[in-house]
Each structure stands twice: as C-alpha cells, then as structure tokens.
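Commentary on secondary and tertiary structure
If you want the building blocks of each chain, they are given just below.
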Amino acid sequence: MATRRLEGETPEFLQVLGLDNDASAREIRGAYARQLKQIEPAAQPEAFQELREAYEFALHWVAEDVQPERHAEPATPEGARQSQHANAQSTARAMLEEFKLSMGGQPPRDTEDARLRLRAALDDPRLQDLDARFTFEGGIANLLADGWRPGHQHLFGPAVLCFEWRTDRPRLKAYGHSGTIIDKAIGELEIHQTQPPAQREEQRNVIRDLRRETPPKRGDASYSTEFMRQVVASYPNWLHVVTHTANLTLWQEDGLAASRRSRTEAWQRFRKRAGVVGLCLLVLLVAGVLGWALLSEGEARPQGVGAPPADDAQGRMVQGPQETPPASRGEDAR
C-alpha cells in the first residue's frame, strides 16, 4: 500500500467514507458498515446510492493500488462494477444454499448450535465482501420469513443478534416484504417477553405444541384449540417464523370432520336401534290387537246360544222350565 501513501488530495469517494489515502480494504468495509447503519435505503435512496458507489470505488481503488495523484476524479468502469457485484451475489447465494442444506439435513439442536453455525458462515472469508454479506443476510431474512421449518425456532434469535436487527431495525426495510415480517416478528417477541411468567409459559407451551405432528390431548379440546387461536392471533408474524401455525387450521378441520363423522355414526346407531325397537313394538301391537279382538268376540256371544238341546234318558228332548203367563197365574189363584 506504499504507493498510495503519498501526499495529495484525498479522493472524494474516500471523503464520503470518512477515510484518508492510506485506508485499507478492511477500514473501507468498516466505514461502509458504520455509515450504512445511519441510512435508511428505502427512505434515503440517493444517500444510499452515493455511499454504495463510494464503497465500490474505494475497494476497486485499493485492489488496483492506483496512486491518488493520477486519479483526482477516479471512476470505476460500469462493467467492472457490475461484474464485482455479480460475483459477490453469486458467492453469497452459494453459501446460502450450503447453509440451507445444513439446516435441512440436520436441524440445529438448540439456539447455541444455530448460533455456532451462523457464526461460522459469517466468518468465512468468502463473506468478507460487504456485497456478499448483504446478500447472505437478505437470504437468511427470506429463509425465516418464508415460514417455519424444523430448527428455525433456534435460528431466529441468533440471526437477530448477529445481524443486529433488534438495534438496527430500519435496515430490515432494505429486504422488502421479508424484512417487514422479521421487523414485526421482533416487535411481537418483545411484547411476549413483557407478559407475566405464568402467561408467558402457557403461550410457550402452545408454540411448542404447534410444532407437533399430532394435536395435543390436554384437557378440554375445544378450550385448547380456542386458546391456541388466541395466541396465534396475538403474535402472527413471530409464530409464523418459529412454529408451524398451519397445524392449527389442519387440526380445526380434522376436528370438524371428526365431529361430523361422530354425529353421522350416532344417527346411524340410533336408526338401527330405533328399527329394532320399532319392530318389537309393532309385533306387540299386532298381538295386542288380535288378543283384544278375540276377547271381545267371546264376551259378546250369550251363554248357550248355538248349543243343541240335550236329550233325556228316554230320548225325549229336555225342555227348560217354562214360565206361566201372568194371566194364567191369576186364574189358578181363583
């Protein structure tokens, strides 16, 4: 770097970064990172573009080791700048795919495991370029914002700390929709952490239960489902990142289907039993009607009606006692 340690006017791009002629590549990256925290890319696009160009010019200038006297107004060719940016993005995407494969093949066991993996990736020399680092950070934000996968509950906290998302929330705006989800998730986590310990533990139990493949069997199922719905509604973005919120919808649909099946089966059992009982009642009714009819017929027939008169021993017809007419009885009395 001795060829650059000469007297002369400091190039404008170094002045933007607040550096002198003898600045190293490491100092340039550090200066860019510090000033980037003071700019909101979405709200200050011109300032962000100026800082970005100054950073790219400075890195190119250091790499070429050009004397400042010959470049009072240096300019990096557009093709070279685009090529450098493309290479950095390609490197970051390749490392991001490696990280995803690691997460998918063997999800981290706990938060410390996830922190060590993320720290190892960020310390890789391939991510020392700020362009590559910026792209990799955006990839992690996209990965988390796409929804929970096994191990994401352990990755979220270390990512917030390593990328300083909690203390530098405006920078998340540079990652668009994914950054917005992460920003809201951090805010919801902070609200959760202010809850009383007992309530916080109940909510944590729900978050753990939602990662299970089967619904929990704990107390009243309807109350459990209702409480889960309340927790998900309270922290929609945070739970989208750290747990499987889609399970709640699946379990509710399964519960409704099971309830419908139960009602259908109960109705079928009732019809079956009602059919047997009805048949028995019908038999009893028919038997009762027939018995009543026979009994009524016996009571309506007079005694002796229809029986032939009996004969005495001489073969004469035995007649019953005959009643004397009233008139005849009067005459006999006289």
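Refer to the preceding data block for the structure.
First things first, this report covers the structure right here in the doc. (Residues numbered from 1 in each chain as written. Predicted model: local features only at pLDDT ≥ 70, side-chain atom pairs only at ≥ 80, totals over all residues. Heavy atoms only, no water.)

Next up on the list: the packing of aromatic side chains. Throughout the structure, instances matching the rule amount to five aromatic pairs. An angle of 80° between the planes, with centres 6.1 Å apart, marks the rings of Phe-99 and Phe-136 as edge-to-face. Taken together, the residues span a long stretch of sequence, with Phe-99 in helix H4 (residues 78-105) and Phe-136 in helix H6 (residues 130-145) at a distance of 37 residues. (Phe/Tyr/Trp six-rings, centres within 6.5 Å; stacked < 30°, edge-to-face > 60°. Helix = DSSP H or I, 4+ residues; strand = E, 2+ residues; numbered from the N terminus.)

Here we come to the nonpolar core. Within the largest apolar cluster, 44 residues are counted, with the highest numbers of intra-cluster contacts made by Phe-136, Ile-140, Phe-156, Trp-165 and Ile-182. By residue number, the principal contributor to this core is H6, which donates seven residues. Not counting residues up to four positions away in its chain, the partners in contact with Ile-182 are Ala-141, Leu-144, Ala-145, Phe-156, Trp-165, Leu-172 and Val-241. Judged by nonpolar contacts, the second largest core, of 20 residues, contains Leu-19, Ala-31, Tyr-32 and Val-62. (Core = buried A, V, L, I, M, F, W, Y, C linked by side-chain atoms within 4.5 Å. Buried < 20%, exposed > 50% of the residue type's maximum accessible area, 1.4 Å probe, protein only. Contact = heavy atoms within 4.5 Å.)

In this section: helix H5 (residues 111-122). Counting along an α-helix, one turn takes 3.6 residues, and residues three or four places apart therefore face a common direction. Its 12 residues give H5 an end-to-end C-alpha distance of 16 Å, which sits within 8% of 16 Å, the value for a rise of 1.5 Å per residue. Among the residues of H5, Asp-113, Ala-114, Arg-117, Leu-118, Ala-121 and Leu-122 are the ones counted as buried. Mapping the buried residues of H5 onto a view down its axis gives an arc of 170°, with all of them on the same face. Regarding H5, its N-cap is Asp-110, as a side-chain oxygen of that residue lies 3.3 Å from the backbone nitrogen of Glu-112 further along. (Expected span 1.5 Å × (residues − 1). Arc of directions from axis to C-beta. Polar contact = N/O pair within 3.5 Å; in protein donor to acceptor, adjacent residues only side chain to side chain.)

None of the figures reported here should be taken as evidence of function without further support.
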